[in-house]
Amino acid sequence: MKPSLDAAELVQPVQLPEHLVVLLLEGGQRFLAKAEDAIRHQDEGSRDYFLKKAGAILKELTSRLNHKEGGDLVNNLVRLYGWWSQEIREAGAKAEADRLKRVSAQMGEIRRAWEHVLFQGEGMSESPEL
């Protein structure tokens, strides 16, 4: 007799840490886009809310780095995430949407690099559109 599977077990994909990084970066980009829009509409409450969310994502990304085995890559990511955090804070304080757009573009570059690594490993020629 086969053990019964819960429906949630059937639909949940196996999550590799790299997949989570891709999802976090995508979420960061979405929050930054919403913050950019809030800046353009002079909506300080929404701006602050979405910038706080983007900052929380950067904290999560930083906390997931493997400092014991990551070497220079981890050190570089710590510096990059720190710089992004600073840019986000300053862009929010000065209401500079273009700075957020620059951070979001860089997040996109890093996300696409992770997607390339992940999906090449799964035998796909290119990453799916997220």
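Residues numbered from 1 in each chain as written. Predicted model: local features only at pLDDT ≥ 70, side-chain atom pairs only at ≥ 80, totals over all residues. Heavy atoms only, no water.

J.: Could you give me a rundown of a positive patch on the surface, with the residues and numbers involved?
T.: A cluster of like positive charges, contributed by Lys52, Lys53, Lys59 and Arg89, occupies part of the molecular surface. Top element by residues in the positive patch is helix H3 (residues 44-63). It accounts for 3 residues. Assignment of secondary structure puts Lys59 in helix H3. (Patch = residues over 30% accessible without salt bridge, like charges linked within 9 Å, V, L, I, M, F, W, Y side chains within 5 Å. Areas by Shrake-Rupley, 256 points an atom, 1.4 Å probe, with all protein chains shown as cover. Salt bridge = Lys/Arg side-chain N within 4 Å of Asp/Glu carboxyl O. Lys, Arg positive; Asp, Glu negative; His and termini not counted. Charge placed at Lys NZ, Arg CZ, Asp CG, Glu CD. Helix = DSSP H or I, 4+ residues; strand = E, 2+ residues; numbered from the N terminus.)

J.: Let's hear about the nonpolar core: which residues, and what values?
T.: Core analysis: the biggest nonpolar cluster contains 23 residues, and Leu32, Leu61, Ile88 and Leu100 have the highest contact counts within it. Those elements giving two or more residues to this core turn out to be helix H2 (17-40), H3, helix H4 (71-94) and helix H5 (97-121). The residues contacting Leu32, other than those within four sequence positions of it, are Leu51, Ala54, Ile88, Leu100, Val103, Ser104 and Met107. (Core = buried A, V, L, I, M, F, W, Y, C linked by side-chain atoms within 4.5 Å. Buried < 20%, exposed > 50% of the residue type's maximum accessible area, 1.4 Å probe, protein only. Contact = heavy atoms within 4.5 Å.)

J.: Which residues make up the pattern of salt bridges, and what are the values?
T.: Enumeration according to the criterion identifies 10 salt bridges in this entry. In this structure, the salt-bridge partner of Glu36 is Lys101, at a minimum N-O distance of 3.5 Å. With Glu36 in helix H2 and Lys101 in helix H5, this pair connects stretches of sequence that are 65 residues apart. For Lys101, a relative accessible area of 44% gives the class partly exposed. Where Arg99 meets Glu90, a salt bridge forms, and the shortest distance between an N and an O atom there is 2.6 Å.

These values are about where atoms sit, not about what they do.
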